[in-house]
Amino acid sequence: MTATICGTGSYIPSYTMDNNDIARLVETSDEWIRERTGVARRHIIQDETTVSMAAEAARRALNDAGVSPEEVDLIIVSTISSNVILPCAACEVQKELGAVHATCFDLSAACTGFVLAYNTALAYLTSGVYRTALLIGSESLSNLTNWKDRGTCILFGDGAGAAVLRSDDVAGTEMFPIYDPGKYFLPVTHSEGAKGGALTCKSRHDFNGLTGEKHQACQDHQADAESMLDESHYMQMDGQAVFKFAVKKVPEVIGEVLKLNQVAPEEIDYYIMHQANKRIVEAVAKRLDEPMEKFPMNLQEYGNTSSASIPILLDELNREGKLKPGQKLVLAGFGAGLTWGASIIEWH
Ligand code: ACO
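Rules used in this analysis
Every chain is numbered on its own, with residues counted from 1 as its sequence reads. Selection of residues for local features in this predicted model requires a pLDDT of at least 70, selection of side-chain atom pairs for listing and counting requires 80 or more, and totals for whole chains, interfaces and linings are taken over all residues. Side-chain measures here rest on the full set of heavy atoms in the structure, leaving out hydrogens and waters. Residue ranges for the domains trace back to a domain assignment, done automatically or taken from a database. The contact definition used throughout considers only heavy atoms, calling two residues in contact when any of these lie within 4.5 Å. Two parts placed together each lose some accessible area; with a 1.4 Å probe, that loss summed over both constitutes the buried area. Buried means the residue's accessible area, taken with a 1.4 Å probe over protein chains only, is under 20% of the maximum for its type, while exposed means over 50%, and partly exposed covers the values in between. Secondary structure counts use DSSP, requiring at least four H or I residues in a row for a helix and at least two E residues in a row for a strand, with both numbered from the N terminus. Paired strands, in this sense, are two strands between which DSSP finds at least two bridges. One side-chain nitrogen of Lys or Arg within 4 Å of one carboxyl oxygen of Asp or Glu is enough to make a salt bridge. Whenever two N or O atoms come within 3.5 Å, that pair is a polar contact, provided that in protein one can donate a hydrogen and the other can accept it, and provided that, for residues adjacent in sequence, both atoms are side-chain atoms. Note on geometry: axes are C-alpha line fits, over the in-contact stretch for helices, and angles between N-to-C directions span 0 to 180 degrees.

Undergrad: Kindly report on the domain arrangement of the chain, identifying the contributing residues and their values.
TA: Split into domains, the chain comes out as domain 1 (3–167) and domain 2 (188–196 + 236–346). The straight-line distance from the C-alpha centre of domain 1 to that of domain 2 is 16 Å. If you look at the interface, domain 1 gives 43 residues, while domain 2 gives 38 residues. The junction of domain 1 with domain 2 conceals about 2,900 Å² of combined surface from both sides, 60% of it contributed by carbon and sulfur atoms. When the buried area of domain 1 at its contact with domain 2 is split by residue, Cys111, Phe114 and Val115 rank highest and sum to 19% of it.

Undergrad: Outline the pairing of strand E11 (residues 268–273), listing residues and values.
TA: When you tally the buried positions in E11, you get five out of six residues, the bulk of the element. Pairing analysis gives five bridges linking E11 to strand E12 (residues 328–335), with the strands arranged parallel. The residue of E12 that forms the bridge with methionine 273 is alanine 332.

Undergrad: Summarise the pattern of salt bridges; cite the residues concerned and give the values.
TA: For the structure on display, the rule yields 16 salt bridges. We note a salt bridge from arginine 34 to aspartate 30, for which the minimum N-O separation is 2.9 Å. On the criterion of helical spacing, the pair formed by arginine 34 and aspartate 30 is a turn pair, its members being four residues apart in helix H2 (residues 30–37). Take arginine 34: its relative accessible area is 43%, and that puts it in the partly exposed class. Where lysine 294 meets glutamate 290, a salt bridge forms, and the shortest distance between an N and an O atom there is 2.8 Å. The structure contains a network of salt bridges with shared partners spanning Glu56, Arg59, Arg60 and Glu96.

Undergrad: Talk me through the environment of asparagine 19; I want residue IDs and the actual numbers.
TA: Inspection of the secondary structure assignment puts asparagine 19 in helix H1 (residues 19–23). As for asparagine 19 and serine 29, which are separated by 10 residues in sequence, their C-alpha atoms are 6.8 Å apart. Excluding residues that lie within four positions of it along the chain, asparagine 19 makes contacts with Asp30, Ile33, Arg34, Val39, Ala40, Arg41 and Arg42. Within the structure, the side chain of asparagine 19 is placed 2.9 Å from the side chain of arginine 42, a separation counted as a polar contact.

Undergrad: Which residues make up the sheet that holds strand E4 (residues 74–78), and what values go with them?
TA: Within the open sheet, the five strands sit side by side as E1-E7-E6-E4-E5. Their pairing is mixed. Because the sheet does not close on itself, it has two edges, and the strands there are strand E1 (3–11) and strand E5 (103–107). Neighbour-to-neighbour, the strand axes of the sheet open up by a mean angle of 15°, direction not taken into account. In the packing of helix H5 (residues 113–126) onto the sheet, contacts are made with E1, E4, E5, strand E6 (132–140) and strand E7 (158–167), and the angle to E6 comes to roughly 165°. Across the sheet, helix H9 (residues 309–319) is in contact with E1, E6 and E7; its angle to E1 comes to roughly 100°.

Structure representation (C-alpha coordinates):
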(Lines give C-alpha, C1' and ligand atoms only; values in the text may rest on other atoms or scores of the structure.)
Protein backbone atom coordinates (compact mmCIF):
# COMPACT_ATOMS: atom_id res chain seq x y z
CA MET A 1 0.00 0.00 0.00
CA THR A 2 1.29 3.47 -0.81
CA ALA A 3 -0.17 6.98 -0.83
CA THR A 4 0.04 9.86 -3.28
CA ILE A 5 -0.86 13.53 -3.35
CA CYS A 6 -3.91 13.75 -5.60
CA GLY A 7 -4.84 17.42 -5.21
CA THR A 8 -3.46 20.75 -4.02
CA GLY A 9 -4.86 24.16 -3.14
CA SER A 10 -3.81 27.44 -1.61
CA TYR A 11 -5.18 30.71 -0.34
CA ILE A 12 -3.21 33.96 -0.37
CA PRO A 13 -4.57 37.19 1.15
CA SER A 14 -5.01 39.91 -1.48
CA TYR A 15 -3.53 42.73 0.62
CA THR A 16 0.19 43.18 -0.05
CA MET A 17 3.08 45.09 1.53
CA ASP A 18 6.10 45.65 -0.65
CA ASN A 19 9.59 46.43 0.62
CA ASN A 20 9.00 50.18 0.34
CA ASP A 21 6.02 49.82 2.68
CA ILE A 22 8.32 48.06 5.16
CA ALA A 23 10.90 50.84 4.74
CA ARG A 24 8.28 53.27 6.02
CA LEU A 25 8.09 51.26 9.28
CA VAL A 26 11.77 50.49 9.97
CA GLU A 27 15.16 51.66 8.72
CA THR A 28 15.72 49.46 5.69
CA SER A 29 15.43 49.60 1.90
CA ASP A 30 14.00 47.65 -1.00
CA GLU A 31 17.54 47.08 -2.26
CA TRP A 32 18.79 45.65 1.08
CA ILE A 33 15.83 43.31 1.51
CA ARG A 34 15.98 41.99 -2.07
CA GLU A 35 19.72 41.48 -1.95
CA ARG A 36 19.83 39.77 1.49
CA THR A 37 16.61 37.77 1.27
CA GLY A 38 15.13 37.80 -2.26
CA VAL A 39 11.78 38.99 -0.88
CA ALA A 40 10.01 41.77 -2.83
CA ARG A 41 6.57 41.75 -1.17
CA ARG A 42 4.44 39.73 1.20
CA HIS A 43 0.68 39.17 1.51
CA ILE A 44 -0.91 40.10 4.83
CA ILE A 45 -4.27 39.13 6.31
CA GLN A 46 -7.03 41.69 6.68
CA ASP A 47 -10.36 39.95 7.33
CA GLU A 48 -8.80 36.49 6.97
CA THR A 49 -7.72 34.26 9.84
CA THR A 50 -5.46 31.21 10.00
CA VAL A 51 -8.59 29.05 10.07
CA SER A 52 -10.39 30.81 7.21
CA MET A 53 -7.30 30.59 4.98
CA ALA A 54 -6.81 26.94 5.91
CA ALA A 55 -10.42 26.12 5.07
CA GLU A 56 -10.28 27.86 1.69
CA ALA A 57 -6.95 26.23 0.73
CA ALA A 58 -8.43 22.87 1.77
CA ARG A 59 -11.62 23.44 -0.26
CA ARG A 60 -9.50 24.15 -3.34
CA ALA A 61 -7.32 21.07 -2.74
CA LEU A 62 -10.37 18.80 -2.40
CA ASN A 63 -11.81 20.31 -5.55
CA ASP A 64 -8.54 19.68 -7.41
CA ALA A 65 -8.48 16.08 -6.14
CA GLY A 66 -12.15 15.44 -6.92
CA VAL A 67 -12.59 14.24 -3.33
CA SER A 68 -15.68 15.13 -1.30
CA PRO A 69 -15.33 16.42 2.31
CA GLU A 70 -17.20 13.33 3.55
CA GLU A 71 -14.42 11.10 2.16
CA VAL A 72 -11.72 12.74 4.31
CA ASP A 73 -10.57 10.53 7.22
CA LEU A 74 -7.86 12.78 8.64
CA ILE A 75 -7.24 16.54 8.77
CA ILE A 76 -3.91 17.86 10.03
CA VAL A 77 -3.34 21.61 10.23
CA SER A 78 0.27 22.63 10.67
CA THR A 79 0.46 26.09 12.20
CA ILE A 80 2.25 28.22 14.78
CA SER A 81 -0.15 31.13 14.40
CA SER A 82 -3.68 29.86 14.79
CA ASN A 83 -6.37 32.31 15.81
CA VAL A 84 -7.89 29.61 18.03
CA ILE A 85 -6.38 27.57 20.85
CA LEU A 86 -9.51 25.51 21.38
CA PRO A 87 -10.94 23.87 19.44
CA CYS A 88 -7.93 23.14 17.25
CA ALA A 89 -7.74 24.74 13.81
CA ALA A 90 -8.21 21.33 12.15
CA CYS A 91 -11.59 20.87 13.89
CA GLU A 92 -12.61 24.36 12.78
CA VAL A 93 -11.66 23.44 9.21
CA GLN A 94 -13.65 20.22 9.53
CA LYS A 95 -16.70 22.27 10.56
CA GLU A 96 -16.24 24.71 7.66
CA LEU A 97 -15.92 21.90 5.11
CA GLY A 98 -18.45 19.47 6.55
CA ALA A 99 -15.77 16.77 6.65
CA VAL A 100 -17.84 14.93 9.23
CA HIS A 101 -15.88 11.65 9.21
CA ALA A 102 -12.44 13.15 9.74
CA THR A 103 -10.20 12.86 12.78
CA CYS A 104 -8.62 16.27 13.29
CA PHE A 105 -5.60 17.69 15.06
CA ASP A 106 -3.03 20.47 14.77
CA LEU A 107 0.72 20.09 14.53
CA SER A 108 3.24 22.70 15.71
CA ALA A 109 6.73 22.46 14.24
CA ALA A 110 7.16 25.87 12.60
CA CYS A 111 8.65 25.77 9.12
CA THR A 112 9.20 21.99 9.18
CA GLY A 113 5.52 21.53 10.01
CA PHE A 114 4.21 20.61 6.58
CA VAL A 115 6.90 17.96 6.04
CA LEU A 116 6.01 16.44 9.43
CA ALA A 117 2.28 16.62 8.64
CA TYR A 118 2.96 14.76 5.38
CA ASN A 119 5.05 12.12 7.20
CA THR A 120 2.38 11.69 9.89
CA ALA A 121 -0.39 11.24 7.35
CA LEU A 122 1.76 8.88 5.28
CA ALA A 123 2.29 6.68 8.36
CA TYR A 124 -1.47 6.52 8.97
CA LEU A 125 -2.27 5.82 5.33
CA THR A 126 0.41 3.24 4.59
CA SER A 127 -0.49 1.28 7.71
CA GLY A 128 -4.10 1.13 6.59
CA VAL A 129 -5.58 3.20 9.44
CA TYR A 130 -6.99 5.89 7.11
CA ARG A 131 -7.42 6.22 3.38
CA THR A 132 -7.74 9.97 2.71
CA ALA A 133 -5.92 12.79 4.48
CA LEU A 134 -6.09 16.55 4.14
CA LEU A 135 -2.82 18.29 5.03
CA ILE A 136 -2.80 22.02 5.54
CA GLY A 137 -0.15 24.58 6.40
CA SER A 138 -1.70 27.92 7.37
CA GLU A 139 -0.02 30.92 8.96
CA SER A 140 -0.86 34.47 10.03
CA LEU A 141 2.73 35.36 10.86
CA SER A 142 1.90 39.08 10.68
CA ASN A 143 0.25 38.60 14.10
CA LEU A 144 3.53 37.31 15.56
CA THR A 145 5.82 39.77 13.78
CA ASN A 146 7.47 42.62 15.66
CA TRP A 147 6.93 45.38 13.11
CA LYS A 148 9.58 47.49 14.84
CA ASP A 149 12.34 44.87 14.38
CA ARG A 150 14.02 45.18 10.98
CA GLY A 151 15.86 41.90 11.53
CA THR A 152 12.61 39.94 11.27
CA CYS A 153 9.72 42.05 9.89
CA ILE A 154 11.26 42.07 6.42
CA LEU A 155 10.98 38.28 6.17
CA PHE A 156 7.51 37.00 6.96
CA GLY A 157 4.10 36.83 5.26
CA ASP A 158 0.69 35.16 5.56
CA GLY A 159 -1.05 32.42 3.56
CA ALA A 160 -2.16 28.80 3.43
CA GLY A 161 -1.54 25.74 1.30
CA ALA A 162 -3.13 22.30 1.33
CA ALA A 163 -2.74 18.85 -0.20
CA VAL A 164 -4.94 15.75 -0.35
CA LEU A 165 -3.09 12.51 0.28
CA ARG A 166 -4.77 9.26 -0.65
CA SER A 167 -3.75 5.64 -0.27
CA ASP A 168 -4.17 3.35 -3.22
CA ASP A 169 -6.04 0.77 -1.21
CA VAL A 170 -9.23 0.70 0.82
CA ALA A 171 -8.52 1.30 4.49
CA GLY A 172 -8.29 -1.80 6.58
CA THR A 173 -8.08 -4.35 3.77
CA GLU A 174 -4.30 -4.64 3.76
CA MET A 175 -1.83 -3.88 6.54
CA PHE A 176 1.87 -3.20 6.18
CA PRO A 177 3.12 -2.67 9.71
CA ILE A 178 6.68 -3.30 8.55
CA TYR A 179 8.30 -1.04 5.97
CA ASP A 180 7.91 -2.53 2.54
CA PRO A 181 10.77 -1.22 0.34
CA GLY A 182 9.60 0.18 -2.95
CA LYS A 183 6.08 0.92 -1.75
CA TYR A 184 6.86 4.36 -0.39
CA PHE A 185 9.82 6.50 0.59
CA LEU A 186 10.96 6.77 4.19
CA PRO A 187 11.46 10.31 5.49
CA VAL A 188 14.39 11.66 7.49
CA THR A 189 13.73 14.23 10.21
CA HIS A 190 15.72 15.76 13.08
CA SER A 191 15.20 18.07 16.05
CA GLU A 192 17.67 19.88 18.27
CA GLY A 193 15.85 21.58 21.13
CA ALA A 194 19.10 22.69 22.73
CA LYS A 195 19.49 25.22 19.91
CA GLY A 196 15.88 26.46 20.09
CA GLY A 197 16.93 29.86 21.39
CA ALA A 198 17.83 30.90 17.85
CA LEU A 199 14.15 31.49 16.98
CA THR A 200 11.59 32.06 19.72
CA CYS A 201 8.15 33.53 20.40
CA LYS A 202 6.60 33.44 23.86
CA SER A 203 2.95 32.52 24.31
CA ARG A 204 0.59 35.42 24.99
CA HIS A 205 -1.13 33.26 27.59
CA ASP A 206 1.75 32.97 30.02
CA PHE A 207 0.01 34.27 33.10
CA ASN A 208 -1.69 32.18 35.74
CA GLY A 209 -5.30 33.13 36.48
CA LEU A 210 -5.28 31.20 39.78
CA THR A 211 -2.14 32.56 41.40
CA GLY A 212 -2.37 35.93 39.68
CA GLU A 213 1.23 35.63 38.53
CA LYS A 214 1.55 37.59 35.33
CA HIS A 215 4.38 38.53 33.11
CA GLN A 216 5.87 41.92 33.91
CA ALA A 217 4.00 43.96 31.32
CA CYS A 218 0.62 42.68 32.53
CA GLN A 219 1.18 44.01 36.04
CA ASP A 220 0.27 47.48 34.96
CA HIS A 221 -3.52 47.41 35.30
CA GLN A 222 -3.84 50.48 33.15
CA ALA A 223 -2.11 48.72 30.29
CA ASP A 224 -4.22 48.07 27.23
CA ALA A 225 -4.01 44.74 25.44
CA GLU A 226 -1.27 45.86 23.08
CA SER A 227 1.04 47.27 25.75
CA MET A 228 0.69 44.06 27.76
CA LEU A 229 2.92 42.45 25.17
CA ASP A 230 6.66 42.86 25.15
CA GLU A 231 9.21 41.92 22.48
CA SER A 232 9.36 38.32 23.67
CA HIS A 233 5.72 37.85 22.59
CA TYR A 234 6.76 38.39 18.97
CA MET A 235 9.17 36.32 16.92
CA GLN A 236 12.78 36.91 17.93
CA MET A 237 15.54 35.49 15.81
CA ASP A 238 19.29 35.19 15.63
CA GLY A 239 19.26 35.51 11.84
CA GLN A 240 22.84 34.48 11.27
CA ALA A 241 22.51 31.39 13.49
CA VAL A 242 19.38 30.26 11.61
CA PHE A 243 21.09 30.97 8.30
CA LYS A 244 24.16 28.88 9.18
CA PHE A 245 22.00 26.06 10.54
CA ALA A 246 19.90 25.96 7.37
CA VAL A 247 22.75 25.95 4.85
CA LYS A 248 24.48 23.11 6.74
CA LYS A 249 21.59 20.89 7.83
CA VAL A 250 19.26 21.07 4.82
CA PRO A 251 21.78 19.66 2.28
CA GLU A 252 22.77 17.05 4.86
CA VAL A 253 19.22 15.84 5.44
CA ILE A 254 18.47 15.80 1.71
CA GLY A 255 21.59 13.66 1.23
CA GLU A 256 20.39 11.35 4.03
CA VAL A 257 16.91 10.88 2.59
CA LEU A 258 18.26 10.17 -0.91
CA LYS A 259 20.76 7.62 0.44
CA LEU A 260 18.20 5.93 2.69
CA ASN A 261 15.82 5.41 -0.21
CA GLN A 262 18.56 4.67 -2.76
CA VAL A 263 17.44 7.52 -4.99
CA ALA A 264 20.12 9.35 -7.00
CA PRO A 265 20.03 13.18 -7.15
CA GLU A 266 19.62 12.90 -10.95
CA GLU A 267 16.26 11.18 -10.36
CA ILE A 268 14.90 14.22 -8.48
CA ASP A 269 12.95 16.66 -10.64
CA TYR A 270 12.31 19.36 -8.04
CA TYR A 271 13.48 20.23 -4.55
CA ILE A 272 10.51 21.96 -2.90
CA MET A 273 12.28 23.78 -0.11
CA HIS A 274 10.81 25.88 2.67
CA GLN A 275 10.88 29.42 1.32
CA ALA A 276 12.87 31.41 3.88
CA ASN A 277 15.62 33.19 2.00
CA LYS A 278 16.84 33.08 -1.60
CA ARG A 279 20.43 32.85 -0.41
CA ILE A 280 19.61 29.76 1.65
CA VAL A 281 18.00 28.03 -1.34
CA GLU A 282 20.98 28.93 -3.54
CA ALA A 283 23.48 27.70 -0.93
CA VAL A 284 21.65 24.37 -0.61
CA ALA A 285 21.63 23.90 -4.40
CA LYS A 286 25.35 24.65 -4.52
CA ARG A 287 26.20 22.23 -1.70
CA LEU A 288 24.18 19.49 -3.39
CA ASP A 289 25.76 20.37 -6.73
CA GLU A 290 22.31 20.47 -8.29
CA PRO A 291 21.09 23.09 -10.84
CA MET A 292 18.97 26.03 -9.63
CA GLU A 293 16.20 25.04 -12.13
CA LYS A 294 15.40 22.18 -9.75
CA PHE A 295 14.77 24.66 -6.89
CA PRO A 296 11.57 26.59 -7.66
CA MET A 297 11.06 29.71 -5.55
CA ASN A 298 8.15 32.02 -4.82
CA LEU A 299 9.48 33.76 -1.72
CA GLN A 300 9.89 36.96 -3.74
CA GLU A 301 6.08 37.23 -3.76
CA TYR A 302 5.10 35.84 -0.35
CA GLY A 303 8.11 36.07 1.97
CA ASN A 304 8.48 33.31 4.53
CA THR A 305 5.05 31.82 5.31
CA SER A 306 6.46 29.11 7.62
CA SER A 307 4.52 25.85 7.34
CA ALA A 308 2.44 27.23 4.46
CA SER A 309 5.38 27.83 2.14
CA ILE A 310 5.90 24.26 0.88
CA PRO A 311 2.21 23.52 0.08
CA ILE A 312 1.75 26.97 -1.53
CA LEU A 313 4.74 26.30 -3.80
CA LEU A 314 3.54 22.77 -4.52
CA ASP A 315 0.11 24.12 -5.49
CA GLU A 316 1.62 26.75 -7.78
CA LEU A 317 3.74 24.16 -9.60
CA ASN A 318 0.73 21.87 -9.87
CA ARG A 319 -1.52 24.60 -11.30
CA GLU A 320 1.21 25.67 -13.75
CA GLY A 321 1.27 22.08 -15.04
CA LYS A 322 4.93 21.62 -14.12
CA LEU A 323 4.36 18.42 -12.14
CA LYS A 324 4.06 15.25 -14.23
CA PRO A 325 3.18 11.71 -13.19
CA GLY A 326 6.24 9.73 -12.15
CA GLN A 327 8.33 12.77 -11.25
CA LYS A 328 10.15 12.58 -7.93
CA LEU A 329 10.17 15.60 -5.63
CA VAL A 330 11.99 16.28 -2.38
CA LEU A 331 10.13 18.31 0.25
CA ALA A 332 12.60 19.93 2.67
CA GLY A 333 11.71 22.01 5.71
CA PHE A 334 13.71 23.67 8.48
CA GLY A 335 13.01 26.14 11.21
CA ALA A 336 12.30 26.90 14.84
CA GLY A 337 12.83 24.14 17.36
CA LEU A 338 15.28 23.68 15.81
CA THR A 339 13.68 21.15 13.47
CA TRP A 340 14.50 19.98 9.96
CA GLY A 341 13.63 17.15 7.64
CA ALA A 342 13.16 15.91 4.10
CA SER A 343 10.74 13.55 2.35
CA ILE A 344 10.66 12.18 -1.17
CA ILE A 345 7.34 12.02 -3.01
CA GLU A 346 6.46 10.60 -6.38
CA TRP A 347 3.90 12.72 -8.23
CA HIS A 348 0.66 10.97 -9.15
N1 ACO B 1 17.80 46.59 6.61
C2 ACO B 1 19.02 47.17 6.60
N3 ACO B 1 20.03 46.74 7.35
C4 ACO B 1 19.80 45.69 8.15
C5 ACO B 1 18.55 45.04 8.22
C6 ACO B 1 17.53 45.54 7.41
N7 ACO B 1 16.30 45.00 7.38
N8 ACO B 1 18.63 44.01 9.10
C9 ACO B 1 19.87 44.00 9.56
N10 ACO B 1 20.58 45.02 9.00
C11 ACO B 1 21.98 45.39 9.22
C12 ACO B 1 22.50 44.90 10.54
O13 ACO B 1 22.24 45.83 11.57
C14 ACO B 1 23.98 44.77 10.25
O15 ACO B 1 24.56 46.05 10.31
P16 ACO B 1 26.05 46.23 10.91
O17 ACO B 1 26.95 45.44 10.00
O18 ACO B 1 26.25 47.69 10.85
O19 ACO B 1 25.98 45.67 12.28
C20 ACO B 1 24.03 44.32 8.80
O21 ACO B 1 22.77 44.72 8.23
C22 ACO B 1 24.20 42.84 8.61
O23 ACO B 1 23.28 42.17 9.49
P24 ACO B 1 23.15 40.62 9.52
O25 ACO B 1 22.19 40.23 10.57
O26 ACO B 1 24.52 40.04 9.55
O27 ACO B 1 22.51 40.37 8.09
P28 ACO B 1 22.38 39.02 7.30
O29 ACO B 1 23.13 39.08 6.04
O30 ACO B 1 22.62 37.85 8.20
O31 ACO B 1 20.85 39.05 6.91
C32 ACO B 1 18.86 37.96 7.57
C33 ACO B 1 19.88 39.04 7.91
C34 ACO B 1 18.19 38.33 6.26
C35 ACO B 1 17.81 37.91 8.69
C36 ACO B 1 19.58 36.59 7.41
O37 ACO B 1 20.42 36.37 8.54
C38 ACO B 1 18.64 35.45 7.27
O39 ACO B 1 17.89 35.36 6.32
N40 ACO B 1 18.70 34.48 8.20
C41 ACO B 1 17.86 33.32 8.16
C42 ACO B 1 16.53 33.71 8.64
C43 ACO B 1 15.52 32.65 8.38
O44 ACO B 1 15.53 32.00 7.37
N45 ACO B 1 14.63 32.55 9.33
C46 ACO B 1 13.49 31.80 9.20
C47 ACO B 1 13.65 30.37 9.58
S48 ACO B 1 12.20 29.58 9.30
C49 ACO B 1 11.20 29.66 10.65
O50 ACO B 1 11.25 28.84 11.47
C51 ACO B 1 10.19 30.76 10.80
